[in-house]
Amino acid sequence: MSKSKKITHLNKKQYKFLEDKVLAEIERIENKLATDKTHLELNKDSSGRDEVDSANDDILKHTELRFQTRETLYLKKLKKTRRLMLETDEYGLCQDCGSEIGFQRLQARPTSDMCIACKEESERDEFQNFHGRKSKSLGQQINLVGRA
Ligand SMILES: [Zn+2]
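Residues numbered from 1 in each chain as written. Predicted model: local features only at pLDDT ≥ 70, side-chain atom pairs only at ≥ 80, totals over all residues.

Some details on the overall build of the protein chain
Within the protein chain, the secondary structure is distributed over five helices and zero strands. Per-residue burial over the protein chain gives 11% buried out of 148 residues. Counting contacts in the protein chain only where the partners sit at least 6 residues apart, residues at least 24 apart contribute 63% of the total. (Helix = DSSP H or I, 4+ residues; strand = E, 2+ residues; numbered from the N terminus. Buried ≥ 20, exposed ≤ 12 C-beta atoms within 10 Å, placed from the backbone. Contact = placed C-beta atoms within 7 Å.)

Listed below in structure tokens is the structure:
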């Protein structure tokens, strides 16, 4: 049974660094989602509010839920990356064309599973489908969360 290509472009130290980063991110997002959930439940416990308040609450809840979905998606991606690290030799390789993804790129986005060329191509497709919902903005959102 010949497995796919072994990663040769990442040394042990780099690989460990990325592994730790993914683990830390999983922990961070899981904690964040748990906190958000508590927060939402506390908000639900309201009596004697007027219409305006509950309208605002709805908007707030809506925003938080939408935000949660984004985080949940990111968490899914992180877990997928983690599985890739643990169960395959394919982490750090483009899932599309098999070329090596550079450490710098992985460092910035440990969940990268496509090389720049393939990513750009898929983003072009995405752009045509969703009109500019680029994963680039997702990255920025995540950074904002990290700072909060
Ligand atoms: Zn590729």
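Things to note about the environment of Arg-82
Considering the arrangement of structural elements, one finds Arg-82 in helix α2 (residues 51-87). Assessed through the 18 C-beta atoms surrounding it within 10 Å, Arg-82 is described here as partly exposed. Apart from the residues within four sequence positions on either side, Arg-82 is in contact with Val-22 and Ile-26.

Looking at the nonpolar core
Core analysis: the largest hydrophobic core is formed by seven residues, namely Leu-18, Val-22, Leu-78, Leu-93, Ile-101, Leu-106 and Cys-115. Setting aside its immediate chain neighbours within four residues, Cys-115 contacts Cys-94, Cys-97, Ser-99 and Ile-101. (Core = buried A, V, L, I, M, F, W, Y, C linked by C-beta atoms within 7 Å.)

Brief notes about the confidence of the model for the protein chain
On average, the protein chain scores 80 in pLDDT, and the residues at 70 or more come to 74%. Across the protein chain, the element-wise mean pLDDT spans from 47 in helix α5 (residues 135-147) up to 95 in helix α3 (residues 103-108). Within the model, the stretch residues 132-137 combines pLDDT values under 50 with four contacts to residues more than four positions away or in other chains. With pLDDT under 50 throughout, residues 139-148 is counted as low confidence; its partners more than four residues away or in other chains account for four contacts. (pLDDT = per-residue confidence, 0-100.)

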